[in-house]
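Descriptive analysis of the structure
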Amino acid sequence: MKKKSHLPIKETPEELKNLLKTVKNKEQLEKIQALYWLQTEQFFTVVDIAQALGKNRSTIHRWFNEYSQKGLEFWLNKPKKTSGRKAIISENIQKKLLKKFLEKDKKINYKEIQLWLEKTYGIKVSYSVVYKTVKTLLPHH
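If you're wondering where the values come from, they're calculated on a predicted model, not measured in any experiment. Residue positions are given per chain, counting from 1 as you read along its sequence in written order. Local features in a predicted model are, by the rule used here, given only for residues with pLDDT of at least 70; side-chain atom pairs are given and counted only at 80 or more, and totals for whole chains, interfaces and linings are based on all residues. Water and hydrogen atoms play no part in the side-chain values, which are based on all heavy atoms of the structure.

Turning our attention to the overall build of the chain. Every helix listed is a DSSP run of H or I at least four residues long, and every strand listed is a run of E at least two residues long, numbered separately from the N terminus. The secondary structure content of the chain amounts to eight helices and zero strands. Over its C-alpha atoms the chain spans a radius of gyration of 21 Å, topping by over 25% the 14 Å that the globule rule assigns to 141 residues. Viewed in the frame of its principal axes, the chain has a C-alpha envelope of about 65 × 30 × 25 Å. Relative accessible area decides the class of each residue, using a 1.4 Å probe on protein chains only: under 20% of the type maximum gives buried, over 50% gives exposed, and in between gives partly exposed. Expressed as a percentage of its 141 residues, the buried residues of the chain come to 35%. Working note: accessible area of the chain is about 10000 Å², and carbon and sulfur atoms make up 51% of it. Averaged over its 30 positive side-chain charges, the chain has a centre that lies 8 Å from the centre of its 14 negative ones. In this setup the radius of gyration rests on C-alpha atoms only. A globule is expected at 2.2 Å times the number of residues raised to 0.38. Each accessible area value is a Shrake-Rupley result obtained with a 1.4 Å probe; residue values ignore everything except the protein chains displayed when judging cover. Charge assignment: positive for Lys and Arg, negative for Asp and Glu; neither His nor the chain ends contribute. Charge positions are represented by NZ for Lys, CZ for Arg, CG for Asp and CD for Glu.

This is the structure in structure tokens:
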């Protein structure tokens, strides 16, 4: 028999529903969705929520323990995990890249950016690195 979760949720269903509309991070969305389902009694157990989200039940338990100890604000303000690898194109150069190429309202030429990085900063990067960097700086492009 599945054990019903008794997690005390401080936020109202309306607050959680509004957060679901505004949060863009996938993991944050899933965590808030899990709380919303419990709060609105769409699901009652960790196992059911895990199955609905395609997660392991231990992951849901970990999320709920984290929520009960640190609250929703912790999830929303938690710094992104990094791979630990230093970026090939530094933050400073990314800002200059934004200013030179990306703030203009014209079609982005990734090859031109690639050549500019090599000529100006001696940074030789692949086309895909330039593409991913631009997508990170301007996700709507």
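Below, the discussion takes up the nonpolar core. Nonpolar side chains in soluble globular proteins tend to be buried together. Of all hydrophobic cores here, the largest spans 22 residues; its most connected members are Leu35, Ile49, Ile60, Phe64 and Leu72. Contributing elements (two or more residues each) for this core: α1 (13-22), α2 (26-39), α3 (46-53), α4 (57-70) and α5 (72-77). Counting residues per element, this core draws most heavily on α2, which supplies six residues. Side-chain atoms within 4.5 Å link the members of a nonpolar core, which is a set of buried Ala, Val, Leu, Ile, Met, Phe, Trp, Tyr and Cys residues.

Moving on: unusual backbone geometry. Phi at Glu41 takes a positive value of approximately 60°, unusual for a residue other than glycine. Tracing the backbone through its elements, the reader meets Glu41 in the loop between α2 and α3.

What the largest pocket holds in volume is close to 370 Å³. In terms of lining, the largest pocket is formed by Arg85, Lys86, Ala87, Ile88, Ile89, Ser90, Glu91, Gln94, Val129, Lys132, Thr133 and Thr136. A class-by-class count of the residues in the lining of the largest pocket yields four nonpolar, four polar and four charged. Using a 1 Å grid laid over the protein atoms alone, points where a 1.4 Å probe fits but cannot get out form a cavity; open sets with protein on both sides within 12 Å along at least 5 of 7 lines form a pocket; any residue with an atom within 4 Å of a point counts as lining. Grid points are joined across faces, edges and corners, and a volume is the space filled by probe spheres set on the points. Volume-wise, the second largest pocket comes out at about 240 Å³. Lining the second largest pocket, in full, are Lys3, Lys4, Ser5, His6, Leu7, Val46, Val47, His61, Phe64 and Asn65. Broken down by secondary-structure element, the contributors of at least two residues to the lining of the second largest pocket are α3 and α4. By the convention adopted, Pro, Cys, Tyr, Trp, Phe, Met, Ile, Leu, Val and Ala count as nonpolar, Lys, Arg, Asp and Glu as charged, and the other residues, Gly among them, as polar.

Scanning all chains against the criterion turns up one cavity of 30 Å³ or more. Together, Phe101, Leu102, Lys106, Lys107, Ile108, Asn109 and Glu112 line the largest cavity. Residues belonging to the lining of the largest cavity are distributed by class as follows: three nonpolar, one polar and three charged.

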